[in-house]
Amino acid sequence: MSELLTPPPSSAPEGANDAANANDAAARSFAELPLSPAMQANLRQLEYLTMTPIQAASLPLALAGHDLIAQAKTGSGKTAAFALPLLTNLNPRRFAVQAMVLCPTRELADQVAQEIRRLARAADNIKILTLCGGATMRPQMASLEHGAHIVVGTPGRIMDHLERGSLRLDALNTLVLDEADRMLDMGFQDDIAYIAKQCPVGRQTLLFSATYPEGIASLARRFLRQPREVKLLERHAGSKIRQRFYEVKHEERLQAVGVLLKHYRPVSTLAFCNTKQQCRDLLDVLHAQGFHALTLNGDLEQRERDQVLIQFANRSCSVLVATDVAARGLDIAQLEAVINVDMTPDPEIHVHRIGRTGRGDQDGWALSLCSPGDKRRIAPIAQATGGEPEWHGLGSLQSGNDAPLVPPMVTLQILGGRKEKIRPGDVLGALTGEAGGGRVFTREQVGKITVTDQTTYVAVARELAGEAVRKLTDGKVKGRSVKVRALED
Ligand code: ADP
Ligand code: MG
């Protein structure tokens, strides 16, 4: 391992490892990078004007061909930091897999593939394939036969394809390990080793990780060639994340979450517990109090996980309850609050948790429930987040607003998806058009539309959910009648 590179001083003020903070005067433009004019134009169109700090630190090295170990928190723009180099290394006229990204889960693979697609718009006809478990092998094999330039997938499934010979890597020039720490947590090191052995030795390898446990160093020693290291220290702009600590008795903890929610009334809240059991218990308490809450854990089937994430992201679920493992890597754009239901003993994880809120130009609340036993954990955490902890009592909140907290949207589930060639525009058209009779919806009354293989989800304003179901059922989507129901229990 060679020199340790800290980010250039101009791009590393305190808290600057936020996509939004790259907007400050010292931020560096993509224009200084050796990228094609078409790519530059595409970046401007995507409104990627300045590089985030991790991008500013890693792109010049990666574009110069170096292997890289890059560490920065979730939401810091790591995807573009590896997507731009891998796209630059690509020859669109060559029909072979030239780049591969390994991700820990299907959701992350989908997110990465989506981001690469956006960035790849500049070049013509680059084919990107996701290969993950949970989907049937056969269509994946057929797609591979048709040829793909870039493959994004989970290690287990990629290994399956390599063993069957349906995936060949002899033309590979870029290998990316995304969320490498999480892949190690999930026990993928042997699969990764197997896969890396199938890649040409002359390839470039880029390793991205949110944390830097010892396992990463040994992984890097095995698969990377004289890698450069880029680490961004975890610091947040204190101004945007307002952090408050609440002292609670241990047995009040779960009830206290409802008190905070009723007081602060965030539209979307991510609530962290330290164990799966605590997640289940909290969910029961929140449901009993009438909150719209869902939980994310490893026991859910893929389809259920998708539904949870979709409902949370489109604002039809107020609270997502999760452990650190379950919540890793998820990119949720608008998050008004993070609640630490259980404190984590690890300051780095704490910083990571609360960094999910206060993104972009929005403010965010980071609320932590501390029992007397937690108190000794607060000093190092306060130090890591730069400042004196601000203590509050729950008592001051009890008299707050007692109206139920209701999410603004409801998710409707439409049977039929990508397989039926349904596109978001078809659903929007069905709701905002005259056809099918009933109310003509405005664009503002329709939220996020997500099309999956067999199902389409659309968020609609809560008070209009019934009308929307009727309109979609009576009318047609993509020229055919569809089954629709609201995802509410
Ligand atoms: P990470 O992998 O570090 O968690 P992502 O790559 O998912 O972060 O990026 C987080 C968000 O920031 C994405 O929505 C992405 O589109 C956006 N983003 C990334 N880089 C930039 C940039 N330079 N300017 C504006 N937005 C960006
Ligand atoms: Mg990422």
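Residues numbered from 1 in each chain as written. Chains lettered and ligands numbered in written order. Predicted model: local features only at pLDDT ≥ 70, side-chain atom pairs only at ≥ 80, totals over all residues. Heavy atoms only, no water.

Helices and strands together make up the secondary structure of the protein chain, namely 17 helices and 19 strands. Against the compact-globule benchmark of 23 Å for 489 residues, the protein chain has a radius of gyration of 23 Å, which places it among compact chains. Here the protein chain holds 489 residues, and 55% of them are scored as buried. Counting only carbon and sulfur atoms, one obtains 50% of the accessible surface of the protein chain, whose full area is about 21,200 Å². When the 58 basic and 55 acidic side-chain charges of the protein chain are each reduced to a single mean position, those positions are 5 Å apart. (Helix = DSSP H or I, 4+ residues; strand = E, 2+ residues; numbered from the N terminus. Rg over C-alpha atoms; globule rule 2.2 N^0.38 Å. Buried < 20%, exposed > 50% of the residue type's maximum accessible area, 1.4 Å probe, protein only. Areas by Shrake-Rupley, 256 points an atom, 1.4 Å probe, with all protein chains shown as cover. Lys, Arg positive; Asp, Glu negative; His and termini not counted. Charge placed at Lys NZ, Arg CZ, Asp CG, Glu CD.)

All chains considered together, the criterion is met by two cavities of 30 Å³ or more. Its volume calculated, the second largest cavity comes out at about 40 Å³. Among the secondary structure elements, those contributing two or more residues to the lining of the second largest cavity are helix H4 (106-120) and helix H13 (324-327). Residue composition of the lining of the second largest cavity, by class: four nonpolar, one polar and four charged. Two domains share the lining of the second largest cavity, each providing at least three of its residues, namely domain 1 (2-235) and domain 2 (241-397). (1 Å grid on protein atoms, 1.4 Å probe; cavity = no way out; pocket = protein on both sides within 12 Å on 5 of 7 lines; lining within 4 Å. Points joined across faces, edges and corners; volume = space filled by probe spheres on them. Nonpolar A, V, L, I, M, F, W, Y, C, P; charged D, E, K, R; others polar. Domains from an automatic or database assignment.)

Attention now moves to the nonpolar core. In this structure, Leu-86, Leu-87, Val-101, Ile-116, Leu-119, Ile-150 and Val-152 are the most contacted members of the largest nonpolar core, which totals 45 residues. Dropping the residues within four chain positions of it, Leu-119 is found in contact with Met-39, Asn-42, Leu-43, Leu-46, Tyr-48, Ala-80, Ala-83, Leu-84 and Leu-87. (Core = buried A, V, L, I, M, F, W, Y, C linked by side-chain atoms within 4.5 Å. Contact = heavy atoms within 4.5 Å.)

Next up on the list: the domain arrangement of the protein chain. Looking at the assigned domains, one finds that the protein chain contains domain 1 (2-235), domain 2 (241-397) and domain 3 (409-487). When each unit is reduced to the centre of its C-alpha atoms, the spacing between domain 1 and domain 2 is 29 Å.

Time to look at the sheet that holds strand E15 (residues 391-393). Pairing is parallel across the open sheet formed by seven strands, whose spatial order is E11-E12-E10-E13-E14-E9-E15. This sheet does not close on itself; its edge strands, each paired only once, are strand E11 (293-296) and E15. Across the sheet, the axes of successive neighbouring strands diverge by a mean angle of 25°, strand direction being ignored. Pairing analysis gives four bridges linking strand E13 (residues 337-340) to strand E14 (residues 364-370), with the strands arranged parallel. Across the sheet, residue Val-338 finds its bridge partner in E14, namely Ala-366. Across the sheet, helix H15 (residues 375-384) is in contact with strand E9 (241-247), E14 and E15; its angle to E9 comes to roughly 165°. (Pairing = 2+ DSSP bridges. Axes fitted to C-alpha atoms, helices over the stretch in contact; angles between N-to-C directions.)

We now examine the environment of His-66. Tracing the backbone shows His-66 in the loop between helix H2 (53-63) and strand E2 (68-71). On a C-alpha basis, the gap between His-66 and Thr-105 in space is 27 Å, while along the polypeptide they are 39 residues apart. Residues in contact with His-66, not counting those within four places in the same chain, are Leu-61, Gln-204, Leu-206 and Arg-228.

Turning our eyes to something else, we now look at the site of ligand 1. Inspection of the region around ligand 1 gives 15 residues, with Tyr-48, Thr-50, Gln-55, Gly-75 and Thr-79 positioned closest. In the environment of ligand 1, an oxygen atom lies 3.0 Å from a nitrogen or oxygen atom belonging to the side chain of Lys-78. Across the complex, the protein chains shield 82% of the 570 Å² of accessible surface that ligand 1 would expose by itself. At the level of secondary structure, the elements contributing two or more residues to the shell around ligand 1 comprise helix H3 (78-88) and H4. Along the lines of polarity and charge, the residues of the shell around ligand 1 split into two nonpolar, eight polar and five charged. (Near = heavy atom within 4 Å. Polar contact = N/O pair within 3.5 Å; in protein donor to acceptor, adjacent residues only side chain to side chain.)

Regions with low pLDDT carry predicted coordinates that are not meant to be interpreted in detail. On average, residues of the protein chain carry a pLDDT of 87, and 91% of them reach 70 or more. Segment residues 1-25: pLDDT under 50, and 58 contacts once partners within four positions in sequence are set aside and those in other chains are kept. (pLDDT = per-residue confidence, 0-100.)

For Gln-226, which is not glycine, the phi dihedral falls at a positive 40°. Position of Gln-226 relative to the elements: it lies in the loop between helix H9 (214-223) and strand E8 (228-231). Exposure remark for Gln-226: the relative accessible area of 66% places this residue in the exposed category. With a phi close to 65°, Lys-421 is a non-glycine residue in the positive phi region. Positionally, Lys-421 belongs in the loop between strand E16 (409-415) and helix H16 (424-432). For Lys-421, a relative accessible area of 60% gives the class exposed.

Here H9 has its buried residues at Ile-216, Ala-217, Leu-219, Ala-220 and Phe-223. Buried residues of H9 fall within an arc of 165° about the axis and therefore sit on the same side. Residues Glu-214, Arg-221 and Arg-222 are exposed on H9 and point more than 90 degrees away from its buried face. (Arc of directions from axis to C-beta.)

Below, the discussion takes up the packing of H2 against H3. Where H2 meets H3, the axes come as close as 9 Å, and the angle between the chain directions of the two elements is 20°. Relative to H3, the element H2 lies roughly parallel. Handedness of the crossing formed by H2 with H3: right-handed. Of H3, the residues touching H2 (which contributes Ile-54, Gln-55, Ser-58, Leu-59, Ala-62 and Leu-63) are Lys-78, Ala-80, Ala-81, Leu-84, Pro-85 and Thr-88. Its residues assigned to classes, the contact of H2 with H3 comprises eight nonpolar, three polar and one charged. (Parallel < 35°, antiparallel > 145°, perpendicular 65-115°, else oblique. Left-handed = near helix turned anticlockwise from the far one by under 90°.)

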